[in-house]
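# Summary of the model geometry
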Amino acid sequence: MFLLKMFAACGLLSLIHCAYSAAQYRSYLRSQAHSSNAVLISPLPPIDTILQTLVSFIVTLYCVTQIGAAGFKEIRATAQFESKGADFISNRPSFHLFCHRGQTWLRHM
């Protein structure tokens, strides 16, 4: 678990570094656009920044989902009720209201 958290932290730091590199490259493009000897430069960031972003994102995504996987619940609704009896399933405590308008209405009759 500790190793996963370390990889997740490294992935997040790497993503921050990628964002900084992309912003720095954009400012470089803007400065080259205003100069008189402008060279045709690709508007995409360098390939190493793109690859670092993809790898960092995949590592961070994997680590975060593995860390939080213990708290995930089953998507199927029937998975919760497989071990419960029929009495538990038909019981709806949210419909048990003891302080409702009917008591006041019956008192006035």
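Above this text you will find the structure in question.
Quick caveat: nothing in here was measured; it's all calculated off a predicted structure.

### Some details on helix H1 (residues 2–34)
Side chains three or four residues apart in an α-helix point the same way, a direct result of the helix having 3.6 residues per turn. With 33 residues, H1 should reach 48 Å at 1.5 Å per residue; the first-to-last C-alpha distance of 49 Å fits that figure. Residues of H1 that are buried in the fold lie against helix H2 (47–68).

### Remarks on the environment of His-17
By the element assignment, His-17 lies in helix H1. Each C-alpha atom of the pair His-17 and Thr-49 lies 9.1 Å from the other, and the pair is 32 residues apart in sequence.

### Observations regarding the packing of aromatic side chains
In this structure the tally under the stated criterion is 1 aromatic pair. The interplanar angle of 35° and the centroid separation of 6.4 Å between the aromatic rings of Tyr-25 and Tyr-28 together place this pair among those described as tilted. Residue Tyr-25 and its partner Tyr-28 are both found in helix H1; the two are separated by 3 residues, about one turn of the helix. Given a relative accessible area of 16%, Tyr-25 falls into the buried group.

Cut-off values and rules
- Residues numbered from 1 in each chain as written.
- Predicted model: local features only at pLDDT ≥ 70, side-chain atom pairs only at ≥ 80, totals over all residues.
- Heavy atoms only, no water.
- Helix = DSSP H or I, 4+ residues; strand = E, 2+ residues; numbered from the N terminus.
- Expected span 1.5 Å × (residues − 1).
- Contact = heavy atoms within 4.5 Å.
- Phe/Tyr/Trp six-rings, centres within 6.5 Å; stacked < 30°, edge-to-face > 60°.
- Buried < 20%, exposed > 50% of the residue type's maximum accessible area, 1.4 Å probe, protein only.

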